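Close look at the chain arrangement
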Amino acid sequence: LDIPATVRKIQRHNPEHKPLAIVFYGDEAAMAAQARELAGDPGVACFDTMDEAIMGLAATWGYRQFLDRPAPGDFTLPQPAASRPVRLPSEGLLVGEEAFAALKAYDFPLVPGVLAADEAGAAAAAAEMGYPVVLKIISAAWLHKSDWGGVLLNVANEAKLRQAFKDMLARFRHRTPDGVLDGILVQKQVKGVELLCGLKRDPQFGPVLVAGAGGIYTEVLQDVARALAPVSLEQAGRMLQALKISPILKGARGRKGVNLAALADTLVKLSRLATDYPRIRELDLNPVVATPEACWCVDCRIVLGE
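Residues numbered from 1 in each chain as written. Predicted model: local features only at pLDDT ≥ 70, side-chain atom pairs only at ≥ 80, totals over all residues. Heavy atoms only, no water.

**Remarks on the state of the cysteines**
Using the criterion set out here, one finds zero disulfides in the structure. Of all cysteine sulfurs in the structure, the one in C297 sits closest to C300, which takes part in no disulfide; the separation is 7.9 Å. (Disulfide = S-S within 2.5 Å.)

**Section: a nonpolar patch on the surface**
A cluster of nonpolar side chains, namely Y63, L67 and F205, defines an oily patch on the protein surface of about 300 Å² accessible area. Structurally, Y63 can be placed in helix α3 (residues 50–68). (Patch = residues over 30% accessible without salt bridge, like charges linked within 9 Å, V, L, I, M, F, W, Y side chains within 5 Å. Areas by Shrake-Rupley, 256 points an atom, 1.4 Å probe, with all protein chains shown as cover. Salt bridge = Lys/Arg side-chain N within 4 Å of Asp/Glu carboxyl O. Helix = DSSP H or I, 4+ residues; strand = E, 2+ residues; numbered from the N terminus.)

**Looking at the packing of helix α8 (residues 233–241) against helix α10 (residues 260–276)**
Packed helices, taken two at a time, are described by the angle between their axes plus the distance between the axes. For the pair α8 and α10, interaxial distance at closest approach is 8 Å and the crossing angle is 115 degrees. Of the possible angle classes, the one that applies to α8 and α10 is roughly perpendicular. In the crossing of α8 with α10, the sense of the turn from one axis to the other is right-handed. Residues L233, A236, G237, M239 and L240 of α8 lie in contact with α10, whose contacting residues are L260, L263, A264, D265, L267 and V268. Per-class residue counts for the contact of α8 with α10 are nine nonpolar, one polar and one charged. (Axes fitted to C-alpha atoms, helices over the stretch in contact; angles between N-to-C directions. Parallel < 35°, antiparallel > 145°, perpendicular 65-115°, else oblique. Left-handed = near helix turned anticlockwise from the far one by under 90°. Contact = heavy atoms within 4.5 Å. Nonpolar A, V, L, I, M, F, W, Y, C, P; charged D, E, K, R; others polar.)

**Describing the packing of aromatic side chains**
Counted under the stated rule, the structure contains four aromatic pairs. An angle of 70 degrees between the planes, with centres 6.2 Å apart, marks the rings of Y106 and Y277 as edge-to-face. With Y106 in the loop between α4 (96–105) and β4 (113–116) and Y277 in the loop between α10 and β11 (280–290), this residue pair connects regions lying 171 residues apart in the sequence. Judged by its relative accessible area of 7%, Y277 is buried. Here the aromatic rings of W142 and W148 are separated by 5.2 Å at their centres, their planes lie at 85 degrees, and the arrangement is edge-to-face. For W142, a relative accessible area of 1% puts it in the buried group. An aromatic cluster of three or more residues is present, and its members are W142, W148 and F172. (Phe/Tyr/Trp six-rings, centres within 6.5 Å; stacked < 30°, edge-to-face > 60°. Buried < 20%, exposed > 50% of the residue type's maximum accessible area, 1.4 Å probe, protein only.)

**Thoughts on helix α1 (residues 3–12)**
Along α1, the residues classified as buried are I3, P4 and V7. Projected down its long axis, α1 carries its buried residues within an arc of 95 degrees, all on one side. Away from its buried face, by an angle of more than 90 degrees, α1 presents the exposed residues K9 and R12. (Arc of directions from axis to C-beta.)

**Let's talk about the sheet that holds strand β7 (residues 183–188)**
Read across the sheet, four strands follow the order β4-β7-β5-β6 without closing on themselves; strand pairing throughout is antiparallel. Pairing within the sheet leaves two strands with one partner each, and these edge strands are β4 and β6 (151–155). Recorded for the sheet is a direction-independent mean angle of 20 degrees between the axes of neighbouring strands. As judged from the four bridges shared by β4 and β7, these two strands associate in the antiparallel manner. Across the sheet, residue V114 finds its bridge partner in β7, namely V186. Contacting β4, β5 (133–138) and β7, helix α5 (residues 119–129) runs over the sheet at an angle of about 10 degrees to β7. Packed onto the sheet, helix α6 (residues 158–175) meets β4, β5, β6 and β7 and runs at close to 20 degrees relative to β5. (Pairing = 2+ DSSP bridges.)

**Re the nonpolar core**
Within soluble globular proteins, side chains that are nonpolar generally end up buried alongside one another. F108, L283, L285 and I302 are the most contacted members of the largest nonpolar core, which totals 47 residues. For this core, the leading source of residues is α10, giving eight residues. In contact with L285, not counting residues within four places along its chain, are L103, F108, L195, L196, C197, T266, C297, D299 and C300. (Core = buried A, V, L, I, M, F, W, Y, C linked by side-chain atoms within 4.5 Å.)

**Things to note about the pattern of salt bridges**
Scanning the entire structure with this criterion turns up eleven salt bridges. Of the charged contacts, one joins R8 and E37 as a salt bridge, the two residues approaching to 3.2 Å between their closest N and O atoms. Taken as a pair, R8 in helix α1 and E37 in helix α2 (residues 28–38) lie far apart in primary sequence, 29 residues in all. We note a salt bridge from E158 to R162, for which the minimum N-O separation is 2.9 Å. Of this pair, E158 and R162 both sit in helix α6, four residues apart, which is roughly one turn of the helix.

**Comments concerning α5**
Regarding α5, the residues found buried are E119, A122, A123, A125, A126 and M129. Buried residues of α5, viewed axially, fall in a sector of 165 degrees; they line one side. Summarising the geometry of α5, the exposed residues directed more than 90 degrees from the buried face are A127 and E128. If you follow the buried residues of α5, they end up packed against β4, β5, α6 and β7.

As structure tokens, then:
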């Protein structure tokens, strides 16, 4: 069979440009040669198995839906560099206050916190915001600080805070003697459902937003939804509905649901940030703590580069 000639005959009667997925079988060398001949034809893709062909058509249909979606408000074009609300380095890693500065400029909901350089500063910050508080080591050398003992929850009073501060400093110096410590972050402790919100810039599709189950079990649960930026509030809401933990977010077992509108708004702000700053390669907000009243961005990591 001359498959390329047959396909081109079909395409002459295919004015709507329906995509054709072709699965070859038979003589492998002959089929490979015909597949190569069709490689440059628009609207045609060749596959080795029926499953792959169906997945290819499904992906094409999903992408068509993405292209036909309503415009996401005024978030379609990036701001000119001169009018962007914050200056970011051209490359590198931002954690702690440097990362939070970008979030503040876009009105992300941030948990109150102070980066302390010593015990006295930490104690003063905790007294002002009220106990209990959380202590976190902030350093580019401690990205997975929970795994290394760099996060301490439920610090209930000044005595415990001062002792924890000393212990964390000693732990940092022992584990990373050459590491640079930005300080220890003192944050007001908030409780709720923990989520992950983030983005990763794909070389072909641009910024891809991610929302999912967060906290220390992110890699274990692997419950995520993705969308191409920019997104509208409606599209952000659909991402949250697609999660396995969606029933928990809406309220289950007699518990109140979380503020889904606040979560969706956070995803839209993340979408805008990604659109305005093409140099942001990755950004992780983990965890984002959601409550019935609001949501709070607790930790942030930003990777910059070409």
